[in-house]
Amino acid sequence: MELIQNTPDLSAYLAADEVIDHDHPLVRETAARLAAQADDSYAYARAAYEFVRDTIPHSADSGDMRVTWRASDVLEQGTGICHAKSHALAALLRAEDIPAALCYQRLTHDAGTGHVLHGMVAVRFHGAWHRQDCRGNKPGVDARFSLDGERLAFPVDEKAGEVDYPQLFDAPHPAVLRVLREAPDRPYLWEHLPDAV
């Protein structure tokens, strides 16, 4: 699948905003700590990915009822769903001048009814975008950082109406961000996440 920048200007994928707030002191501090242990930008990107994947539990896996959406809040509270964790990873990548985009899959909802958007990140290296899924591993899910073939959490089943969206966004999709901001808790969020881009 060819990934398509939703915004032609690559600098948009380095910008800080209210959600991907890589100008926040906690994001900068976390990025600096990870960068100090990395030999190059590739090693840093992998370390940032593994940090978000492995040290910030997916709130559905851990049973955490809190809803986070801003990158700095995800790092501070140590919880988030796939979208929130993607915001945190994008912020850590952009903090070290690595272009990062948000991207989505339409997957069958955990409840088995309908579909739901799943959030991921794409990172740009060697003139190409590479999708990464930092939602967190669990039995049946083995996502890994890779620039040589995707190692995502979930394969898409087109026969079940699932979709890999090729669009790369410089900011969260408005429908995703709206429900993240409005949700009083994760059960509410689970019932109101959008099902398409």
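Coordinates for the structure precede this section.
The notes below deal with the structure included here.

Reading guide: rules and limits
- Residues numbered from 1 in each chain as written.
- Predicted model: local features only at pLDDT ≥ 70, side-chain atom pairs only at ≥ 80, totals over all residues.
- Heavy atoms only, no water.
- Phe/Tyr/Trp six-rings, centres within 6.5 Å; stacked < 30°, edge-to-face > 60°.
- Helix = DSSP H or I, 4+ residues; strand = E, 2+ residues; numbered from the N terminus.
- Lys NZ or Arg CZ within 6 Å of the ring centre and 35° of its normal.
- Expected span 1.5 Å × (residues − 1).
- Buried < 20%, exposed > 50% of the residue type's maximum accessible area, 1.4 Å probe, protein only.
- Contact = heavy atoms within 4.5 Å.
- Polar contact = N/O pair within 3.5 Å; in protein donor to acceptor, adjacent residues only side chain to side chain.
- Core = buried A, V, L, I, M, F, W, Y, C linked by side-chain atoms within 4.5 Å.
- Disulfide = S-S within 2.5 Å.
- Pairing = 2+ DSSP bridges.
- Axes fitted to C-alpha atoms, helices over the stretch in contact; angles between N-to-C directions.
- Salt bridge = Lys/Arg side-chain N within 4 Å of Asp/Glu carboxyl O.
- Parallel < 35°, antiparallel > 145°, perpendicular 65-115°, else oblique.
- Left-handed = near helix turned anticlockwise from the far one by under 90°.
- Nonpolar A, V, L, I, M, F, W, Y, C, P; charged D, E, K, R; others polar.

1. Side note on the packing of aromatic side chains
Then, in step 1: Following the criterion strictly, the structure yields 5 aromatic pairs and no others.
Then, in step 2: Measuring from ring centre to ring centre gives 5.7 Å for tyrosine 49 and phenylalanine 145, while their planes differ by 55°; the resulting arrangement is tilted. Of the two residues, tyrosine 49 sits in helix 2 (residues 41-55) while phenylalanine 145 sits in the loop between strand 4 (128-132) and strand 5 (163-164), which places them 96 residues apart along the sequence.
Then, in step 3: Chaining the aromatic ring pairs together yields one cluster made of Tyr42, Tyr49, Phe125 and Phe145.
Then, in step 4: One Lys or Arg, arginine 181, reaches over the ring of tryptophan 69 and ends 4.7 Å from the middle of that ring.
Then, in step 5: Here the basic side chain of arginine 186 rests over the ring of tryptophan 190, its NZ or CZ set 5.9 Å away from the ring centre.

2. Concerning helix 2
Then, in step 1: Over its 15 residues, helix 2 extends 20 Å from the first C-alpha to the last, a length consistent with the 21 Å expected when each residue adds 1.5 Å.
Then, in step 2: For helix 2, the complete set of buried residues consists of Tyr44, Ala45, Ala48, Tyr49, Phe51, Val52 and Arg53.
Then, in step 3: For helix 2, the secondary structure elements touched by its buried residues are helix 1 (25-36), helix 4 (71-77), helix 5 (82-95), strand 3 (115-125) and strand 4.
Then, in step 4: Its side-chain oxygen at 3.3 Å from the backbone nitrogen of tyrosine 42, aspartate 40 defines the N-terminal cap of helix 2.

3. A closer look at the environment of arginine 181
Then, in step 1: With respect to the secondary-structure elements, arginine 181 resides in helix 6 (residues 174-182).
Then, in step 2: A relative accessible area of 39% means that arginine 181 is categorised as partly exposed.

4. Re the nonpolar core
Then, in step 1: Tyr44, Leu89, Leu92 and Leu93 are the most contacted members of the largest nonpolar core, which has 50 residues in total.
Then, in step 2: Looking at this core, the elements that each hand over two or more residues are helix 1, helix 2, helix 4, helix 5, strand 2 (100-108), strand 3, helix 6 and helix 7 (186-192).
Then, in step 3: No other element matches the 8 residues that helix 5 contributes to this core.

5. Focus on the state of the cysteines
What makes a disulfide is a covalent bond joining the sulfur atoms belonging to two cysteines.
Then, in step 1: Scanning the entire structure with this criterion turns up 0 disulfides.
Then, in step 2: Cysteine 103 forms no disulfide, and the closest cysteine sulfur to it belongs to cysteine 134, at a distance of 9.9 Å.
Then, in step 3: The exposure class assigned to cysteine 103 is buried, which follows from its relative accessible area of 0%.
Then, in step 4: Left without a disulfide partner, cysteine 134 is nearest to the cysteine sulfur of cysteine 82, which lies 8.5 Å away.

6. Some points on the sheet that holds strand 5
Then, in step 1: One open sheet holds the 4 strands; their spatial order is 4-3-2-5, and the pairing between them is antiparallel. The sheet terminates laterally at strand 4 and strand 5, the two strands that pair on one side only.
Then, in step 2: Note that strand 2 and strand 3 share 9 bridges and pair antiparallel. By the bridge assignment for strand 3, glutamine 105 is matched with histidine 118.
Then, in step 3: Set on the sheet, helix 5 makes contact with strand 2 and strand 3; between it and strand 3 the angle comes to about 10°.

7. Things to note about the pattern of salt bridges
Then, in step 1: Counted under the stated rule, the structure contains 12 salt bridges.
Then, in step 2: Across the pair aspartate 64 and arginine 66 runs a salt bridge whose closest N-O atoms are separated by 2.7 Å.
Then, in step 3: For aspartate 64, a relative accessible area of 17% translates into the label buried.
Then, in step 4: Three or more residues joined by partner-sharing salt bridges are found here, namely Glu18, Arg70, Asp73 and Arg181.

8. With respect to the packing of helix 1 against helix 5
Then, in step 1: It is at 9 Å that the axes of helix 1 and helix 5 come closest, and there the two elements cross at 65°. Taken together, the axis directions place helix 1 and helix 5 in an arrangement best described as roughly perpendicular. Relative to helix 5, helix 1 is oriented so that their crossing is right-handed. Facing Val27, Arg28, Thr30, Ala31 and Leu34 of helix 1, the residues of helix 5 in contact are Ala91, Leu92 and Ala95.
Then, in step 2: A class-by-class count of the residues in the contact of helix 1 with helix 5 yields 6 nonpolar, 1 polar and 1 charged.

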